[in-house]
Amino acid sequence: MSTETPASPRPAADRPAAATPARTTAARPAGKPRRTKGEGQWALGYREPLNANEQSKKDDNPLNVRARIENIYAHGGFASIDPGDLRGRFRWFGLYTQRKPGIDGGKTATLDPSELDDEFFMLRIRIDGGALTTDQLRVIGQISVDFARGTADVTDRQNVQLHWIRVEDVPEIWRRLEAVGLSTTEACGDCPRVILGSPVAGIAADEIIDPTPAIADIVERYIGDPQYSNLPRKFKTAITGHPLQDVVPEINDIAFVGVVHPEHGPGYDLWVGGGLSTNPMLAQRVGAWVPGEEVAEVWAAVCAVFRDYGYRRLRTRARIKFLVADWGVEKFRQVMEDEYLHRRLVDGPAPAVPTRSGDHVGVNEQKDGKFFVGLSAVAGRTSGSALLGLADVVEAHGSTRVRTTPMQKLLVLDVEADQVESLSQATEALGWSARPDAWRRSVMACTGIEFCKLAIVETKARAATVVDQLEARLGALDSPITVHLNGCPNSCARIQTADIGLKGQLVPGPGGEQVEGFQVHLGGGLGLDAGFGRKLRGHKVTADELPDYVERVARAFVADRADGERFAQ
Ligand code: SF4
């Protein structure tokens, strides 16, 4: 296997000598030489493999695993897969082993990972900007029916995720996807993941700038490029030109947010360093304005700073947010400009803060007089047959364009006014509603224990139960309350940004035994209400108590709120 380490733009000797602040350590006995492990930053000379993940990436560039899947594993089956590929490099092509059915959440942390592995895979299809044609939607639906036991989830990163995939079928799945311009390349792994893009790019009347060309430019130039395929950890991008900032830019590693420069016109404000999980941080403005045609170049510079200066020693500190927090954005900008762009960026203004959600559900007029229809299924759960049905319905109503959204929703674009009602009724029958009530609209859930090896509790089915019960008990709410469920302390469903965020864990049951439940976070939000929900000490509910708990919180909010008050205020 070859060793691939992307070239740095300047020799290490030319680089600044110290890039990280001193960290507190115990007193060193006099006369003993200082031993420094550094943070694993390549640019400062720490290139030794520092943990198992770094060793795996050093042993072989993960992009090389595709050839082994096609030439060896698809023929030899699951048993033929090298363990390093199975639990590491497969991710670069959107493949994770899924959880063996029937293993309860209490065993997640105690079993060896191999005991949790099923012989089937989760496959993530990347949909940059969420943009799909009905032909592409039909291909995904048919792959689900033929190879994934009909499973399909629209994720909160605009991907579609399938389950029950066999390695033997992966080459045929790639062939079908690539025939319609889709792929799974770098859908997971320590690399640039799918580019979130405004779901209303190019059609919204109030759009500041259309991000479609910038997204296409990044994908074409850099996705699958070995220079950017070995990053310290995942690298999440969001680009929007819509005033509602509809791509959760605050919690991405890098975001370009539409803004009008008083002299130069429409472009993007550059943000870096957002992310959730166990150390949530909001992205910070760099203070630079980037014109659309320079987005890809600036994106590559930020990505390269992360690759070369990002922390690789500890996985828990390897996201770009830790580097930005330690350096500050001024130093980050200076290193990016001096060492990578070799020029100064234009200073720019801050975009206006959005005052409402950008989930785009419902019927909305486009700038060309047609309409887009935003559809919601509970927590993005759908099926291959529903996606096939949707493709037919959309075409029967005169459109060929669909978008996935970062809120686990789907939009149908380009609908004539006289087709809207008929389309809405037809999609309702497929589980996608254009008029969901506040609960159905505002619940999100991650994959959870059904398929995820890190999960402690069930999430998707529980989200559906909670919605059914709250609808029966409370009816429709006039003010949405967002409820997000995670199956473990990772934050795939963004619990810290929800009104009611629920982190899956085992909690004491009625008889003192450990049962599935949730730690509650209250009052998170983005946009005008940007801030993380407060974790209330000792505030934990069992899964069985969850509908009662949410009902109590909702009733208290409705009873006590001032006129026009939203939950997060
Ligand atoms: Fe899996 Fe945890 Fe992410 Fe849910 S939050 S998908 S359980 S890793």
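This one's a predicted model, so the numbers in the text were calculated from it and none came from an experiment.

What counts, and where the lines are drawn
Residues numbered from 1 in each chain as written. Predicted model: local features only at pLDDT ≥ 70, side-chain atom pairs only at ≥ 80, totals over all residues. Heavy atoms only, no water. Buried < 20%, exposed > 50% of the residue type's maximum accessible area, 1.4 Å probe, protein only. Helix = DSSP H or I, 4+ residues; strand = E, 2+ residues; numbered from the N terminus. Arc of directions from axis to C-beta. Contact = heavy atoms within 4.5 Å. Near = heavy atom within 4 Å. Nonpolar A, V, L, I, M, F, W, Y, C, P; charged D, E, K, R; others polar. pLDDT = per-residue confidence, 0-100. Salt bridge = Lys/Arg side-chain N within 4 Å of Asp/Glu carboxyl O. Expected span 1.5 Å × (residues − 1). Pairing = 2+ DSSP bridges. Axes fitted to C-alpha atoms, helices over the stretch in contact; angles between N-to-C directions. Phe/Tyr/Trp six-rings, centres within 6.5 Å; stacked < 30°, edge-to-face > 60°. Lys NZ or Arg CZ within 6 Å of the ring centre and 35° of its normal. Core = buried A, V, L, I, M, F, W, Y, C linked by side-chain atoms within 4.5 Å. Parallel < 35°, antiparallel > 145°, perpendicular 65-115°, else oblique.

**Observations regarding helix 7 (residues 212-222)**
- Within the sequence span of helix 7, burial applies to Ala214, Ile215, Ile218 and Tyr222. The buried residues of helix 7 occupy an angular sector of 100° when the element is viewed end-on, so they sit on one face. Facing away from the buried side of helix 7 by more than 90 degrees, the exposed set consists of Pro213 and Glu220.
- Lining the buried residues of helix 7 we find strand 6 (192-197), strand 7 (235-240) and helix 8 (295-309).
- Remark: Gly224 follows helix 7 within two positions and exhibits a positive phi of approximately 90°.

**Considerations on the site of the ligand**
- Every residue near the ligand is listed here: Cys446, Thr447, Gly448, Cys452, Leu454, Ala455, Asn486, Gly487, Cys488, Asn490 and Cys492.
- Looking at the shell around the ligand residue by residue, the classes come out as six nonpolar, five polar and no charged.

**Some remarks on the confidence of the model for the protein chain**
- Confidence along the protein chain averages 90 in pLDDT terms, with 90% of residues attaining 70 or more.
- Counting contacts from residues 1-29, a segment whose pLDDT is below 50, to residues more than four positions away or on other chains yields 60 contacts.

**Remarks on the pattern of salt bridges**
- Inspection of the entire model under this criterion finds 43 salt bridges.
- Two residues, Asp117 and Arg87, come together in a salt bridge whose shortest N-O distance is 2.7 Å. Of the two residues, Asp117 sits in strand 2 (residues 117-125) while Arg87 sits in the loop between helix 3 (83-86) and strand 1 (95-99), which places them 30 residues apart along the sequence.
- Given a relative accessible area of 6%, Asp117 falls into the buried group.
- Judged by its relative accessible area of 30%, Arg87 falls in the partly exposed class.
- In this structure, Arg175 engages Glu172 in a salt bridge whose closest nitrogen and oxygen atoms are separated by 2.8 Å.

**Focus: helix 8**
- If you check helix 8, its first and last C-alpha atoms are 21 Å apart, about what 15 residues at 1.5 Å a residue would give, namely 21 Å.
- Among the 15 residues in helix 8, 14 count as buried, and that is most of the element.

**As for the sheet that holds strand 4 (residues 151-154)**
- An order of 1-2-5-4-14 is seen for the five strands of this open sheet, with the pairing classed as antiparallel. Every other strand in the sheet has two partners, leaving strand 1 and strand 14 (381-383) as the edge strands with one partner each. Mean inter-strand twist for the sheet, computed between neighbouring axes without regard to direction, equals 35°.
- As paired strands, strand 2 and strand 5 (residues 160-165) are joined by four bridges and run antiparallel to one another. What sits directly across from Leu123, in strand 5, is Leu162.

**Here's the deal with the sheet that holds strand 12 (residues 362-365)**
- What the five strands build is an open sheet, ordered 3-15-16-13-12; its pairing is antiparallel. One side of each edge strand has no neighbouring strand; the edge strands of this open sheet are strand 3 (131-133) and strand 12. Within this sheet the neighbouring strands show an average axis-to-axis angle of 25°, counted without direction.
- Relative to strand 15 (residues 401-404), strand 3 runs antiparallel, the two sharing three bridges. The partner of Leu132 across the bridge, within strand 15, is Val402.
- The sheet strands contacting helix 12 (residues 420-428) are strand 12, strand 13 (371-376) and strand 16 (409-415), and the helix crosses strand 13 at an angle near 20°.

**Considerations on the packing of aromatic side chains**
- Under the counting rule described, the total for this entry stands at 14 aromatic pairs.
- Note on Phe256 and Tyr268: the rings are 6.3 Å apart at their centroids and 85° apart in plane angle, and the pair reads as edge-to-face. Remark: Tyr268 occurs in strand 9 (residues 265-272) and Phe256 occurs in strand 8 (residues 254-261); sequence separation between them is twelve residues. Neither Phe256 nor Tyr268 differs from the other in exposure class; each is buried.
- Taken together, Tyr222, Tyr228, Phe235, Trp299 and Phe306 form an aromatic cluster joined through their ring pairs.
- Lying across the ring of Trp174, Arg66 places its NZ or CZ 4.4 Å from the centre.
- Between the NZ or CZ atom of Arg307 and the centre of the ring of Tyr228, over which it lies, the distance is 5.5 Å.

**Quick notes on the nonpolar core**
- In this structure, Ile69, Phe90, Phe121, Ile140 and Ile165 are the most contacted members of the largest nonpolar core, which totals 51 residues.
- In contact with Ile69, other than residues within four places in its own chain, are Ala74, Phe90, Leu95, Val167, Val170, Pro171 and Trp174.
- Membership of the second largest hydrophobic core comes to 44 residues, among which are Phe235, Tyr311, Phe322 and Phe332.

**Quick notes on the packing of helix 9 (residues 320-327) against helix 10 (residues 329-341)**
- Close contact between helix 9 and helix 10 brings their axes to 6 Å; oriented N to C, the two are set at 110°. Of the possible angle classes, the one that applies to helix 9 and helix 10 is roughly perpendicular. Side by side, helix 9 and helix 10 meet where Ile320, Leu323, Val324 and Trp327 of the first sit next to Val329, Lys331, Phe332 and Val335 of the second.
- The residue makeup of the contact of helix 9 with helix 10, split by class, is seven nonpolar, no polar and one charged.

**With respect to unusual backbone geometry**
- In this model, Ala379 sits at a positive phi of 55°, which is unusual for a non-glycine residue.
- Residue placement: Ala379 occurs in the loop between strand 13 and strand 14.
- The class for Ala379 is buried, based on a relative accessible area of 1%.
- One non-glycine residue with positive phi stands out, namely Gln408, at about 65°.
- Position of Gln408 among the secondary structure elements: in the loop between strand 15 and strand 16.
- A residue is classified by how much of its surface remains accessible, and Gln408, at 3% relative accessible area, is buried.

**Thoughts on the side chain of Gln245**
- Note that Gln245 resides in the loop between strand 7 and strand 8.
- In this structure Gln245 comes out as buried when scored by relative accessible area, which is 10%.
- The contact partners of Gln245, leaving out residues within four places of it in the chain, are Thr240, Val257, Trp271, Pro351, Ala352 and Pro354.

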